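Understanding the architecture of this molecule
Chain by chain, the residues:
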Amino acid sequence: MVFAYDTEESLQAAVELVNAAEPPVTLVTVAELEAFFDRNGYTGRHDRTRAELEQVLALQPRLRELLVADRDSAARLVNEMLADAGAVPQLVRHPPVDWHIHAVPADAPLATRILVETAMAMIDVIREDELSRLAVCADSDCEGLVLDLSRNRSRRYCSTTCSNRNAQAAHRARRTGQAATV
């Protein structure tokens, strides 16, 4: 594990949320927001309304800016996000996880909690100077983000789809090159 559990979980959720704006768009209904909420271990207030979905989707550009920023810019953005939300970090414990940090109350709007949890996770990334673990997908036709938590830092693609597409293209290029030399 590179980071604490809650840091990794928040980073993965933020990357998923940002990538949901890339084709094929995957977060457009309240039901899809419900699945995102459950899949990413969020707790606390969840209104399950179209307005909440719109507030969450409105975070995508701001989170993308944070996740691809250089270290100094990321630190500035984190500070702005935490100040705007009036964040007060506290240790909390609730099933299924042990002690971890929340910085806004459980009844804060979901969009606020997502923004603050991402900012809190980025504190660890910045402090450890690990921003290289976040990148834009290596597929030239994709703008998705990649969170590389692998030990050897080998992840280059945002999804299996992008990885497979590039592997197939490389295979075709090798076959074409071999056929030309025969």
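It should be noted that the structure appears before, not after, this text.
Presented here is an overview of the structure given in this document. (Residues numbered from 1 in each chain as written. Predicted model: local features only at pLDDT ≥ 70, side-chain atom pairs only at ≥ 80, totals over all residues. Heavy atoms only, no water.)

Focus on helix 6 (residues 110-127)
The end-to-end C-alpha separation of helix 6 is 26 Å, in line with the 26 Å expected for 18 residues at 1.5 Å each. Burial runs high along helix 6: 13 of the 18 residues are buried. Directly beyond the C-terminal end of helix 6, a positive phi value near 50° is found at D129. (Helix = DSSP H or I, 4+ residues; strand = E, 2+ residues; numbered from the N terminus. Expected span 1.5 Å × (residues − 1). Buried < 20%, exposed > 50% of the residue type's maximum accessible area, 1.4 Å probe, protein only.)

Comments concerning the packing of helix 4 (residues 60-67) against helix 5 (residues 71-85)
Between helix 4 and helix 5, whose axes approach to 9 Å, the crossing angle comes to 140°. Taken as axis vectors, helix 4 and helix 5 run oblique relative to one another. Listed contacts from helix 5 to R62, E65 and L66 of helix 4 are A74, L77, V78, E80, M81 and D84. Tallied by class, residues from the contact of helix 4 with helix 5 come to five nonpolar, no polar and four charged. (Axes fitted to C-alpha atoms, helices over the stretch in contact; angles between N-to-C directions. Parallel < 35°, antiparallel > 145°, perpendicular 65-115°, else oblique. Contact = heavy atoms within 4.5 Å. Nonpolar A, V, L, I, M, F, W, Y, C, P; charged D, E, K, R; others polar.)

Some remarks on the pairing of strand 2 (residues 97-102)
Successive residues of a regular strand alternate their side chains across the two faces of the sheet. Bridge count between strand 1 (residues 90-94) and strand 2: four bridges; the pairing is antiparallel. Bridge pairing links H94 to V97 in strand 2. Between strand 1 and strand 2, which pair antiparallel and follow one another directly, the connecting turn spans two residues. (Pairing = 2+ DSSP bridges.)

As for the side chain of E22
Among the structural elements, E22 can be located in the loop between helix 1 (5-19) and helix 2 (30-39). At 3.4 Å, the side chain of E22 forms a polar contact with the side chain of R64. If we ignore the near neighbours within four places in the chain, the residues touching E22 are R64, E143 and G144. (Polar contact = N/O pair within 3.5 Å; in protein donor to acceptor, adjacent residues only side chain to side chain.)

Looking at the state of the cysteines
Across all of its chains, the model carries zero disulfides by this definition. Looking at C137, it has no disulfide partner, and the nearest cysteine sulfur is the one in C162, 3.8 Å off. Of all cysteine sulfurs, the one in C142 lies closest to C158, which takes part in no disulfide; the gap is 3.5 Å. With relative accessibility at 17%, the residue C158 sits in the buried group. (Disulfide = S-S within 2.5 Å.)

Describing unusual backbone geometry
Residue P23 is joined to P24 through a cis peptide bond whose omega torsion reads -5°. Cis geometry is adopted by the peptide bond preceding P96, which originates at P95 and carries an omega value of 5°. Notably, R48 is not glycine yet its phi reads approximately 60°, a positive angle. One can find R48 in the loop between helix 2 and helix 3 (50-57). Of note in this structure, R153 is not a glycine but carries a positive phi near 55°.

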